[in-house]
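One letter stands for each residue in the lines below.
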Amino acid sequence: MIFLMDMQMMLLDMIYFILRNSVRVVLRPRTKPIDGELVLITGAGGGLGRLFAQEFCKQGAEVVLWDVNSSANEQTAKLVRELGGQAHTYSVDVTNRDDVYQNADKVRRDLGRDVSILVNNAGVVAGKRMLECPDELLERTLKVNCHALFWTVKAFLPQMKAQDHGHIVTIASVLGLFSTACVEDYCASKFAAVGFHESLAHELLAEQVEGVKTTLVCPYIVDTGMFEGCKIRTEVELFLAPLDPQYCVEQAMNAILIDQPLVCIPRLTYLPVLFRALLPWESNVIAYRFMGSDKCMYPFIDSMKPKLESAPTIEVA
Ligand SMILES: NC(=O)C1=CN([C@@H]2O[C@H](COP(=O)(O)OP(=O)(O)OC[C@H]3O[C@@H](n4cnc5c(N)ncnc54)[C@H](OP(=O)(O)O)[C@@H]3O)[C@@H](O)[C@H]2O)C=CC1
Ligand SMILES: CC1=C(/C=C/C(C)=C/C=C/C(C)=C/C=O)C(C)(C)CCC1
């Protein structure tokens, strides 16, 4: 009897959330104020990281910027300060556990307060065919895009939980929800990032830590240069063009500010997620071929060849 009543309640709640989320697509819910919050962004010197820093600053937040690329990071801080905001830069390699824990303590000592919004944005891709790629480069992708999430969350979540206030944001990718050829390192790391994030979100809900929110951001190709050359069939590209970085960050910011748990950008990319789950593998393969998404990474890999040949050897912690 209790089981049947529980089931009835569950079904009613499910219907309520389906209806609520459908209404939210049309009528945007109110965004939460974040002025005065301390936001830490990893990979803050890069294309999306820099824009996130500026957008958080426009919302009145103070930003802590972490990146291995110190000069790019300083440039981001300069742009934030030009907007009238407060920015604090730290050179951190997020793959290095000790570096993460030591810098987390340093941030706390320097600023005298805790980070309340963590944006795990740093990301890399090997950009070489797996069989021709040095092992270290493949390993680096997993360390930056996945392992680092453990270190940063372990460094900042305890204080968020203690204060029952905070937000963990993971910048994953649509390639964490469905995959394509020749980016095994990237897909493996982003699927792992999605798994990590979802498990963490379930953990917080199971423990009824209601003040700590989570947002998983899964963008399609963004014009930051990271996937330069990646291309699908021209006719399909008319509906699914690479995203303008500013648009991508605005959509992600909106999701964060309304405490939305997951956002795929653009919305059209929810479809391949659905098809992957519902259709036979072979049907998806046919659709991939039709849309030119089976070989979409070929021109990207080609365009990376000269860059990787001239790059210094990569050291992994
Ligand atoms: N661009 C795209 O098409 C898409 C990107 N994404 C994701 O969005 C996020 C941001 O991407 P985007 O801005 O395009 O990429 P960028 O390459 O422009 O920026 C990434 C930043 O992270 C830094 N970084 C790399 N390794 C480390 C490390 N070990 N520790 C600290 N910082 C590090 C990079 O430094 P350096 O320059 O020295 O490498 C760079 O400044 C990534 O997670 C990416 O996977 C998701 C979907 C699509
Ligand atoms: C595979 C695939 C597609 C193409 C996806 C591409 C090209 C994604 C690139 C994503 C990137 C570069 C993410 C970076 O994080 C379509 C056309 C949606 C159709 C369904 C299958």
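What counts, and where the lines are drawn
Residues numbered from 1 in each chain as written. Chains lettered and ligands numbered in written order. Predicted model: local features only at pLDDT ≥ 70, side-chain atom pairs only at ≥ 80, totals over all residues. Heavy atoms only, no water. UniProt positions renumbered as here; feature names shortened; annotations may be inferred. Buried < 20%, exposed > 50% of the residue type's maximum accessible area, 1.4 Å probe, protein only. Helix = DSSP H or I, 4+ residues; strand = E, 2+ residues; numbered from the N terminus. Pairing = 2+ DSSP bridges. Phe/Tyr/Trp six-rings, centres within 6.5 Å; stacked < 30°, edge-to-face > 60°. Axes fitted to C-alpha atoms, helices over the stretch in contact; angles between N-to-C directions. Parallel < 35°, antiparallel > 145°, perpendicular 65-115°, else oblique. Left-handed = near helix turned anticlockwise from the far one by under 90°. Contact = heavy atoms within 4.5 Å. Nonpolar A, V, L, I, M, F, W, Y, C, P; charged D, E, K, R; others polar.

By the naming in an unreviewed UniProt entry, the protein is Short-chain dehydrogenase/reductase 3, taken from Knipowitschia caucasica. Under Function (unreviewed entry), UniProt gives the following word-for-word description of the protein: "Catalyzes the reduction of all-trans-retinal to all-trans-retinol in the presence of NADPH." According to the UniProt record, the Catalytic activity (unreviewed entry) comment for the protein is "all-trans-retinol + NADP(+) = all-trans-retinal + NADPH + H(+)".

## Quick look at the pairing of strand S2 (residues 62–67)
Along S2, six of the six residues are buried, which leaves the element largely enclosed by surrounding structure. Burial along S2 is two-sided: Glu62, Val64 and Trp66 and Val63, Leu65 and Asp67, pointing in opposite directions, are all buried. Alignment of strand S1 (residues 38–42) against S2, held across five bridges, turns out to be parallel. The partner of isoleucine 41 across the bridge, within S2, is leucine 65.

## Some remarks on the packing of aromatic side chains
Each aromatic ring pair is summarised here by two numbers: the centre-to-centre distance and the angle between the ring planes. With the rule as written, the count across this model stands at seven aromatic pairs. Note on tyrosine 16 and phenylalanine 17: the rings are 4.9 Å apart at their centroids and 70° apart in plane angle, and the pair reads as edge-to-face. Plain terms: the ring middles of phenylalanine 227 and phenylalanine 300 are 5.0 Å apart, the flat faces sit at 40° to each other, and that makes the pair tilted. Of the two residues, phenylalanine 227 is situated in the loop between strand S6 (212–219) and helix H7 (234–237) and phenylalanine 300 in helix H11 (residues 298–310); the sequence distance between them amounts to 73 residues. In this structure phenylalanine 300 comes out as buried when scored by relative accessible area, which is 0%. By the ring-pair criterion, three or more aromatic residues cluster together here, those being Phe150, Trp151 and Phe196.

## Side note on the packing of helix H2 (residues 47–58) against helix H8 (residues 245–257)
Each packed pair of helices is defined by two parameters, the angle between the axes and the distance between the axes. For the pair H2 and H8, interaxial distance at closest approach is 10 Å and the crossing angle is 50°. The pairing of H2 with H8 is recorded here as oblique in orientation. Taken as a pair, H2 and H8 cross one another with a handedness that is right-handed. When H2 is examined against H8, the residues Leu48, Leu51, Phe52, Glu55, Phe56 and Lys58 are found in contact with a partner set consisting of Pro245, Gln246, Cys248, Val249, Ala252, Met253 and Ile256. Residue composition of the contact of H2 with H8, by class: 10 nonpolar, one polar and two charged.

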